[in-house]
Amino acid sequence: QVQLVESGGGLVQAGGSLRLSCAASRSDFSINFMGWYRQAPGKQRELVAAISSGGSTNYADSVKGRFTISRDNAKNMVYLQMNSLKPEDTAVYYCSADIFNSARGQYDVYWGQGTQVSVSS
């Protein structure tokens, strides 16, 4: 069983920065894409940023130029550096990873428990 554990959320004023981290509980498996999603109250969960095992990245238009996703493949960790935060960035942020399931012979999607990010105006 693999778990993803997020850290780094909190309360920050508009214009501030936060760095989220996500660690996989095991390292003896293959991970393809890793990413960050967020869900604000009353809204659907949305992709914030994703990164492939080779380092290719994809961002939501709303965070381009402000957020940066990175990963450490050796440690099976993914990070999200969030700068110039806005009140509309307030949400629960979830880490996600495509992890190879050897029993099923395919990649399965795993989710972290979420970490709250609150941005005050």
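Residues numbered from 1 in each chain as written. Predicted model: local features only at pLDDT ≥ 70, side-chain atom pairs only at ≥ 80, totals over all residues. Heavy atoms only, no water.

## Re the pairing of strand 11 (residues 115–120)
Stated precisely, the cut-off is as follows: Accessible area is worked out with a 1.4 Å probe on protein chains only. A residue is then buried under 20% of its type maximum, exposed over 50%, and partly exposed in between. Helix and strand labels come from DSSP, where a helix needs a run of H or I of at least four residues and a strand needs a run of E of at least two; each type is numbered from the N terminus. Should DSSP find at least two bridges between two strands, the strands are regarded as paired.
What you see with strand 11 is a clean split: Thr-115, Val-117 and Val-119 sit on the buried side and Gln-116, Ser-118 and Ser-120 on the side with no burial. Relative to strand 11, strand 2 (residues 10–13) is paired through four bridges, and the arrangement is parallel. By the bridge assignment for strand 11, Gly-10 is matched with Val-117. Summarising the sheet, strand 9 (residues 91–101) and strand 11 pair through three bridges and their orientation is antiparallel. The residue of strand 11 that forms the bridge with Val-92 is Gln-116.

## A few points about the packing of aromatic side chains
Keep this limit in mind: Note on aromatic contacts: the rings of Phe and Tyr and the six-membered ring of Trp form a pair at centre separations within 6.5 Å, being stacked when their planes are under 30 degrees apart, edge-to-face when over 60 apart, and tilted otherwise. The rule for a charge over a ring is simple: NZ of Lys or CZ of Arg within 6 Å of the ring centre, and within 35 degrees of the ring normal.
Overall, the coordinates contain two aromatic pairs when judged by the stated rule. Plain terms: the ring middles of Tyr-37 and Trp-111 are 4.9 Å apart, the flat faces sit at 65° to each other, and that makes the pair edge-to-face. Here the residue Tyr-37 occupies a position in strand 4 (residues 31–39), and Trp-111 occupies one in strand 10 (residues 106–111), the gap between them amounting to 74 residues. For the pair Phe-100 and Tyr-107, a centre-to-centre distance of 5.3 Å together with 70° between the ring planes defines the contact as edge-to-face. Here Tyr-107 falls in the partly exposed class, since its relative accessible area comes to 38%. Between the NZ or CZ atom of Arg-19 and the centre of the ring of Tyr-79, over which it lies, the distance is 4.2 Å.

## Side note on unusual backbone geometry
Phi at Asn-76 takes a positive value of approximately 55°, unusual for a residue other than glycine. Examined against the element boundaries, Asn-76 turns out to sit in the loop between strand 7 (67–72) and strand 8 (77–82). Residue classification places Asn-76 among the buried residues on the basis of a relative accessible area of 7%. Of note, Ser-84 is a non-glycine position whose phi angle comes to about 50°, a positive value. One can find Ser-84 in the loop between strand 8 and strand 9. By relative accessible area, which is 41% here, Ser-84 ends up partly exposed.

## Considerations on the pairing of strand 5 (residues 46–51)
Two strands pair when backbone bridges link them, and strand 4 and strand 5 are joined in this way by five bridges, in the antiparallel orientation. Its bridge partner being in strand 5, Arg-38 is matched across the sheet by Glu-46. Where strand 4 folds back on strand 5, the antiparallel hairpin that results is connected by six residues, among which Gly-42 adopts a positive phi of roughly 80°. Counting the residues that bridge the hairpin from strand 5 to strand 6 (residues 57–59) gives five residues, and of these Gly-55 lies at a positive phi of roughly 100°.

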